[in-house]
Amino acid sequence: MRLVTKEDELSDLYQVAYQEALNGFGNGDLYIEKFIEEPRHIEIQILADKNGNVIQFGERDCSIQRRHQKLIEESPSPAVDDALRLKMGKAAIDGAKAINYIGVGTIEFLLDKNKNFYFMEMNTRIQVEHPVTELVSGVEIVGEQFRIASGQSIVDLPEKQKGYAIEVRVTAELIEQDAEGSLNFKPQPGRISDCDFPEQKNIQVISTAGAGKEVSPYYDSLLAQVIVHSDTRENAIVELIDYLERVKLTGISTNIPLLKLVLKDKVFRDGNYDTGYLVAVSYTHLRAHETK
């Protein structure tokens, strides 16, 4: 990918991107798309049944990412107000209806700093972060998928979400800071020595990690999803930090230290982050701005 900010840059950068694509993939075909400044990644959960009913039930903010992969998701988004939520929800429903979609799906948008949103893609499946929406909506999304497949109509949804939910993805990674201050994420395969995710009433853990288990180098580095549900966003953050402090996962390097620093960072606490957050941030910054 190449960013063109001036017309006279287009020809040269086109040739560079073309040659890289040709060398790397044997195909130099390119397309041009609008560059969104300071984007947030906002996705809308939808359900569509065989009887023509399509509903949406809220957004997830998935803007904390590394290498375009999500690390933290929350609902509702601190960047979306009620008016924008209705507008984005309608766009998601219209998109699903336009393709006669049936099942569970997610319409994903990029939201710019001026609150304009742009369609990015549709995930025609249940996603890793679906428990976030389940907790704030009270709807069992997996169960609804079975109901839809059997020809039943989707259930009526509650008018308002209840509380806040945040998910963090615990990964097997060694995270280092280079000379320029950028964070580097390196997969860390190996054998887990000790593993303990304490039981807690408002914390949901989805994990295959366990003591003695081998983390393969051949697959995604995801070890666990940890999801908290609380009455306010601030309480959810505090409770999630406290929980991560008590998780025991040794023998390999994980991203838990980084997740705790992000959750404590003022930028995250204020809800002012975008998809470039982990690109621009450094350990030095996070430690200097760590809130207690």
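The present account deals with the structure reproduced in this document. It should be emphasised that the depicted structure is a prediction, and the values quoted were computed from it without experimental measurement.

Rules of the game
Counting of residues starts from 1 at the beginning of each chain's written sequence and follows it residue by residue. Since the coordinates come from a predicted model, pLDDT governs what is reported: local features require at least 70, and pairs of side-chain atoms require 80 or more to be given and counted, while whole-chain, interface and lining totals use all residues. Excluded from the side-chain calculation are hydrogens and water; included are all heavy atoms of the structure. Like-charged residues within 9 Å of one another, or nonpolar side chains (Val, Leu, Ile, Met, Phe, Trp, Tyr) within 5 Å, are grouped into patches, provided each residue has over 30% relative accessible area and no salt bridge. Here, Shrake-Rupley sampling with a 1.4 Å probe gives the accessible areas, and only protein chains in the shown set may cover a residue. Salt-bridge detection follows one rule: a side-chain nitrogen of Lys or Arg within 4 Å of a carboxyl oxygen of Asp or Glu. Labels follow the DSSP assignment, with helices taken as runs of H or I lasting at least four residues and strands as runs of E lasting at least two, numbered in each case from the N terminus. What a helix is expected to span follows from its residue count: subtract one and scale by 1.5 Å. With a 1.4 Å probe rolled over the protein chains alone, any residue whose accessible area is under 20% of its type maximum counts as buried; one over 50% counts as exposed, and the rest are partly exposed. Directions pointing from the helix axis toward each C-beta atom define the arc. In this description, contact between two residues means that some pair of their heavy atoms is separated by no more than 4.5 Å. By the convention used here, strands pair only if DSSP detects at least 2 bridges between them. All axes here are fitted lines through C-alpha atoms, helices being fitted over the stretch that makes contact, and every angle between N-to-C directions spans 0 to 180 degrees. To sort the angles, those under 35 degrees are grouped as roughly parallel, those over 145 as roughly antiparallel, those from 65 to 115 as roughly perpendicular, and the leftovers as oblique. Handedness of each helix crossing follows the sense of rotation of the near helix against the far helix: counterclockwise by less than a right angle gives left-handed, clockwise gives right-handed. Put simply, Ala, Val, Leu, Ile, Met, Phe, Trp, Tyr, Cys and Pro go in the nonpolar bin, Asp, Glu, Lys and Arg in the charged bin, and everything else, Gly too, in the polar bin. Cavities and pockets were defined on a 1 Å grid built from protein atoms only: a cavity is a group of points that admits a 1.4 Å probe but offers it no way out, a pocket is an open group of points flanked by protein on both sides within 12 Å along at least five of seven lines, and a lining residue is one with an atom within 4 Å of any such point. Grid points are joined across faces, edges and corners, and a volume is the space filled by probe spheres set on the points.

Details of a nonpolar patch on the surface
Turning to step 1, where the next piece is worked out: Together, Val4, Leu10, Tyr14, Tyr18, Leu22, Leu30 and Ile32 make up an exposed nonpolar region whose accessible area comes to about 600 Å².
Turning to step 2, where the next piece is worked out: Positionally, Ile32 belongs in the loop between helix 1 (10–25) and strand 1 (40–48).

Remarks on helix 2 (residues 82–98)
Turning to step 1, where the next piece is worked out: For helix 2, built from 17 residues, the straight-helix expectation of 24 Å at 1.5 Å per residue is met to within 8% by its first-to-last C-alpha distance of 24 Å.
Turning to step 2, where the next piece is worked out: Residues of helix 2 that are buried include every one of Leu84, Arg85, Met88, Gly89, Ala92, Ile93 and Ala96, and no others. An end-on view of helix 2 places all buried positions within 165° of arc, on one side of the element. Exposed and facing more than 90 degrees away from the buried side of helix 2 are Ala83, Leu86, Lys87, Lys90 and Ala98.
Turning to step 3, where the next piece is worked out: Buried residues along helix 2 sit against strand 1, strand 2 (54–66), strand 4 (103–111) and strand 5 (117–123).
Turning to step 4, where the next piece is worked out: In the stretch just after helix 2, Asn100 is the one whose phi turns positive, near 55°.

A look at the pairing of strand 4
Turning to step 1, where the next piece is worked out: Strand 4 sits mainly inside the fold: eight of its nine residues count as buried.
Turning to step 2, where the next piece is worked out: For strand 1 and strand 4, the ladder comprises nine bridges, and the chain directions are antiparallel. When the sheet's bridge partners are listed, Leu47 is paired in strand 4 with Val104.
Turning to step 3, where the next piece is worked out: Sheet topology places strand 4 next to strand 5; six bridges connect them, and they run antiparallel. Residue pairing in the sheet places Thr106 in a bridge with Asn123 of strand 5.
Turning to step 4, where the next piece is worked out: The hairpin formed by strand 4 and strand 5 contains five residues between the paired strands, and Lys115 there has a positive phi angle of roughly 70°.

A look at the packing of helix 5 (residues 233–246) against helix 6 (residues 256–264)
Turning to step 1, where the next piece is worked out: Look at helix 5 against helix 6: their axes get within 10 Å of each other, and the N-to-C directions meet at 155°. The angle between helix 5 and helix 6 places the two elements in the roughly antiparallel class. In the crossing of helix 5 with helix 6, the sense of the turn from one axis to the other is left-handed. Two secondary-structure elements touch here, helix 5 through Ile237, Leu240, Ile241, Leu244 and Glu245 and helix 6 through Ile256, Leu259, Lys260, Leu263 and Lys264.
Turning to step 2, where the next piece is worked out: Class assignment for the residues of the contact of helix 5 with helix 6 results in seven nonpolar, no polar and three charged.

Section: the pattern of salt bridges
Pairing between side chains becomes possible if they bear opposite charge and their charged atoms approach one another.
Turning to step 1, where the next piece is worked out: Tallied over the entire structure, the rule returns 23 salt bridges.
Turning to step 2, where the next piece is worked out: Of the charged contacts, one joins Glu176 and Lys186 as a salt bridge, the two residues approaching to 3.1 Å between their closest N and O atoms. Taken together, the positions of Glu176 in strand 7 (residues 173–177) and Lys186 in strand 8 (residues 183–187) put the pair 10 residues apart, joining distant regions of the chain.
Turning to step 3, where the next piece is worked out: Given the relative accessible area of 32%, Glu176 is considered partly exposed.
Turning to step 4, where the next piece is worked out: The shortest N-O distance in the salt bridge between Glu234 and Arg269 comes to 2.6 Å.

So, the layout of surface pockets
Turning to step 1, where the next piece is worked out: Quantified by volume, the largest pocket comes out at close to 1900 Å³.
Turning to step 2, where the next piece is worked out: Put simply, the parts of the chain that give the lining of the largest pocket at least two residues each are helix 1, strand 2, strand 4, strand 5, strand 8 and helix 8 (277–280).
Turning to step 3, where the next piece is worked out: With seven residues, the top contributor of residues to the lining of the largest pocket is helix 1.
Turning to step 4, where the next piece is worked out: The class makeup of the residues in the lining of the largest pocket is 24 nonpolar, nine polar and 15 charged.

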